[in-house]
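Chain by chain, the residues run as shown.
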Amino acid sequence: MGIVVFLVCIYFGGKAFYLYYYDIKRLTTEDFSEITKNLTFSDTITIQTKRLSDEEYVVFDDMKIRNPSSDFQISKKFSDDEFKRYTLSSEGEHFKTAFMMGKTDTLWYRLQNDSTLYEIFNGKISNADVIKLLNKNHITNDMELFQFLSQAQEEKNHIFTSVAKMKERYALQGIVLTTIPIINGISLIDGDYTGYILNANKLREVVILKNNKRYIYTFYNLDYFTDDVIKELLNTIEIQ
């Protein structure tokens, strides 16, 4: 009888430790469900490319778009080898609006290859854990990632949850916390290009998926860059 009690204590003691160990709330106060609930595709925007004369474009690396106004100036402070930002100022040099363009790895690729994403988790999860989760759920691109996360439920761990399941849920929460911004919704892009638009309160981040990269066009100040203006600009995008 004493041995049974001892083993039960060991079991529940161990589970109590892992409940604490894989508690994401020790790292953040962010609400998992609040972040994932808006990862659904609310509408679809079709790009039909319009060819323009060379002088009408803003060009950066192998991507270009129609220059919204000749008054936009390159902001050296916010530009580097990967991104270039163009700023429009009003009288008195006060900031009016801006847009940025550049390219980087897809979220799907970074989750599998960028170990720096998981440094805050102190070794509890790694690229290998996330790769296992992505493969298990047949996720092969950013759009499938969003769809999976929007449908994932934040299940609560309890004393009878397996340690493997606790770790998997922790990895899922890690994906959200390290790669997903707080947004209002996502628009799907089809037509001449494939991608999506992350719709936030004060900006729109347009992502074109090509050449295994995210080609990003970010528009600030939605009073200037209205959704209609952005849709028109999207039809002038060209990526080699």
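The shown structure was predicted, so the numbers you read here are calculated from the model rather than taken from an experiment. (Residues numbered from 1 in each chain as written. Predicted model: local features only at pLDDT ≥ 70, side-chain atom pairs only at ≥ 80, totals over all residues. Heavy atoms only, no water.)

Caption draft 1: Spotlight on the pairing of strand β8 (residues 195-199). Within β8, 5 of the 5 residues are buried, which leaves it mostly tucked inside the rest of the structure. Burial of the side chains of β8 extends over both faces: Gly195, Ile197 and Asn199 are buried on one face and Tyr196 and Leu198 on the other. Bridge count between strand β7 (residues 185-191) and β8: 5 bridges; the pairing is antiparallel. When the bridges of β8 are listed, Gly185 appears paired with Asn199. A loop of 3 residues connects β7 with β8, the two strands running antiparallel in sequence. Both β8 and strand β9 (residues 203-210) contribute to a ladder of 5 bridges, which runs antiparallel. (Buried < 20%, exposed > 50% of the residue type's maximum accessible area, 1.4 Å probe, protein only. Helix = DSSP H or I, 4+ residues; strand = E, 2+ residues; numbered from the N terminus. Pairing = 2+ DSSP bridges.)

Caption draft 2: Seen up close, the pairing of β9. What sits between β8 and β9 in their antiparallel hairpin is a turn of 3 residues. Sheet topology places β9 next to strand β10 (residues 213-220); 8 bridges connect them, and they run antiparallel. Bridge assignment links Leu203 to a residue of β10, and that residue is Tyr220. Between β9 and β10, which pair antiparallel in sequence order, lie 2 residues; one of them, Asn211, sits at a positive phi of approximately 55°.

Caption draft 3: Structural detail: the packing of helix α5 (residues 142-151) against helix α6 (residues 163-179). Running from N to C, α5 and α6 point in directions that differ by 120°, and their axes come no closer than 12 Å. When the interaxial angle is binned, α5 and α6 end up oblique. The hand of the α5/α6 crossing is left-handed. Within the contact between the two elements, α5 uses Leu145, Phe148 and Leu149 and α6 uses Leu172, Ile175 and Val176. Of the residues that constitute the contact of α5 with α6, the class distribution is 6 nonpolar, no polar and no charged. (Axes fitted to C-alpha atoms, helices over the stretch in contact; angles between N-to-C directions. Parallel < 35°, antiparallel > 145°, perpendicular 65-115°, else oblique. Left-handed = near helix turned anticlockwise from the far one by under 90°. Contact = heavy atoms within 4.5 Å. Nonpolar A, V, L, I, M, F, W, Y, C, P; charged D, E, K, R; others polar.)

Caption draft 4: View of helix α7 (residues 227-234). Of all the positions in α7, only Ile230, Leu233 and Leu234 are classed as buried. Viewed end-on, α7 has its buried residues packed into an arc of 100°, placing them on one side of the element. Structurally, α7 contributes buried residues whose contacts are with β1 (41-47), β3 (63-66), β7, β8, β9 and β10. (Arc of directions from axis to C-beta.)

Caption draft 5: Summary view of the sheet that holds β7. Overall, mixed pairing links the 8 strands, which are arranged β1-β7-β8-β9-β10-β6-β5-β4 in an open sheet. In the strand order of this sheet, the two ends are held by β1 and β4 (73-74), each with one partner. Along the sheet, α5 contacts β1, β7, β8, β9 and β10; its crossing angle with β8, the most-contacted strand, is approximately 50°. Of the strands in this sheet, β1, β7, β8, β9 and β10 touch α7, which is tilted by about 20° from β9.

Caption draft 6: Here's a closer look at the pattern of salt bridges. All told, the structure shown has 13 salt bridges when counted by the stated rule. Here Lys64 ties to Glu238 by a salt bridge, and the two come within 3.9 Å at their closest N and O atoms. Here Lys64 is found in strand β3, whereas its partner Glu238 is found in strand β11 (residues 238-239), with 174 residues between them in sequence. Glu238 matches Lys64 in its accessibility class, with the two residues each being buried. One salt bridge in this structure joins Lys167 and Asp129, with 3.4 Å as the shortest N-O distance. Linking Lys167 in helix α6 with Asp129 in helix α4 (residues 127-136), this pair joins segments that are 38 residues apart in sequence. Taken together, the shared-partner salt bridges in this structure form one network comprising Arg51, Lys64 and Glu238. (Salt bridge = Lys/Arg side-chain N within 4 Å of Asp/Glu carboxyl O.)

Caption draft 7: Spotlight on the side chain of Asp142. If you trace the backbone, Asp142 turns up in helix α5. Using a relative accessible area of 1% as the deciding quantity, one classes Asp142 as buried. For Asp142, the side chain forms a polar contact with the main-chain nitrogen of Trp108, separated by 2.9 Å. Setting aside residues no more than four positions away along its own chain, Asp142 makes contact with Thr106, Leu107, Trp108, Tyr196, Leu209 and Arg214. (Polar contact = N/O pair within 3.5 Å; in protein donor to acceptor, adjacent residues only side chain to side chain.)

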